[in-house]
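Coordinate inspection notes
Here are the chains, one letter per residue:
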Amino acid sequence: MTFEKERLTSQTKALVRAYLKPSWSDSILRFSNMFSKTFASFLTGQCVEAVILGVLMFLAFTLFKLPYGSLVGVLTAVLAIIPFIGSYISGAASLLLTFLFDPSAVLRCLLVYASVQFVENQFIYPRVVGSSVGLSPLYTLMAALIGGKLFGIPGILFFIPLTAVAVELIKEDAARRVEKRKAAA
């Protein structure tokens, strides 16, 4: 599978170089390479964030003496890979498990689950995922919100790395322009 990826990448580069002006092909290939690396870092950040969320959920369920803390932690970690929908699925499963074990603890379960999700969404996710792609927490949150609003789940998945690449390219262009002005002065 990796061999096919390398071959496809090589063929795509050859086509881009063959059919586009050198300046365009260099820019497109540079952007593609940056996006590929940033997206890989983003996926790594997503996985780290999922593990953190699973551990937090396990600790919270254990601390508040809710049933199936380890199962909820693992389920939450696995489903956290799916933006937005994963948290609802794992939340519903947590409520169902709690209801089956102790119906009187369902409200406590809902409060604990919602609190942990809130802390994770507002503080942990932007920092962990943002640092994995080189974005500030504010840019990460804005990219996720705009991407989600415009294109749904695929927008969230692609807007964060796309924003990271755009910010990096803008920084490079700004530095190049400053150097050009210094040289002209």
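Above this text is the structure in question.
These figures come from a predicted structure and were not determined experimentally. (Residues numbered from 1 in each chain as written. Predicted model: local features only at pLDDT ≥ 70, side-chain atom pairs only at ≥ 80, totals over all residues. Heavy atoms only, no water.)

1. Overview of the nonpolar core
Quick reminder of the rule: By convention a nonpolar core is built from buried Ala, Val, Leu, Ile, Met, Phe, Trp, Tyr and Cys residues, the set being connected through side-chain atoms within 4.5 Å. Burial classification: accessible surface area is computed with a 1.4 Å probe over protein chains only, and a residue below 20% of its type maximum counts as buried, one above 50% as exposed, and the rest as partly exposed. Every helix listed is a DSSP run of H or I at least four residues long, and every strand listed is a run of E at least two residues long, numbered separately from the N terminus. A contact between two residues is defined here by any heavy atoms of the two lying within 4.5 Å.
Within the largest apolar cluster, 15 residues are counted, with the highest numbers of intra-cluster contacts made by Phe42, Tyr125, Val129, Val133, Leu135 and Ile160. At the level of secondary structure, the elements contributing two or more residues to this core comprise helix H2 (22-63), helix H5 (106-133) and helix H6 (137-184). Tallying contributions element by element places H6 first for this core, with seven residues. The contact partners of Phe42, leaving out residues within four places of it in the chain, are Tyr125, Val129, Ser132, Val133, Ile156, Leu157, Ile160 and Pro161. Formed by 14 residues, the second largest nonpolar core is a distinct cluster that contains Leu53, Leu66, Ala105 and Tyr113.

2. Some points on helix H3 (residues 69-79)
Because an α-helix completes one turn every 3.6 residues, residues spaced three or four positions apart along the sequence face the same direction. When we look at burial in H3, the residues that qualify are Gly69, Val72, Gly73, Thr76, Ala77 and Leu79. Where H3 is buried, its residues contact H2, helix H4 (85-101) and H5.

3. Some thoughts on the environment of Val48
Inspection of the secondary structure assignment puts Val48 in helix H2. For the pair Val48 and Val128, spaced 80 residues apart in sequence, the C-alpha separation works out to 7.6 Å.

4. Digging into unusual backbone geometry
The residue Lys65 is not glycine, and still its phi comes out positive at about 55°. Topologically, Lys65 is positioned in the loop between H2 and H3. One non-glycine residue with positive phi stands out, namely Tyr68, at about 60°. Its place among the elements puts Tyr68 in the loop between H2 and H3. Residue classification places Tyr68 among the partly exposed residues on the basis of a relative accessible area of 41%.

5. Considering a nonpolar patch on the surface
Just so we agree on the cut-off: Only residues whose relative accessible area exceeds 30% and that form no salt bridge enter a patch; like-charged residues are grouped when within 9 Å of one another, and nonpolar side chains (Val, Leu, Ile, Met, Phe, Trp, Tyr) when within 5 Å. For accessible areas, the Shrake-Rupley method is used with a probe of radius 1.4 Å. Any residue's cover is judged against the shown protein chains and nothing else. Salt bridge, as used here, is a side-chain nitrogen of Lys or Arg placed within 4 Å of a carboxyl oxygen of Asp or Glu.
Together, Leu138, Tyr139, Met142, Ile146, Leu150 and Phe151 give the surface a local cluster of nonpolar side chains, amounting to about 620 Å² of exposed area. With respect to the helices and strands, the residue Tyr139 is situated in helix H6.

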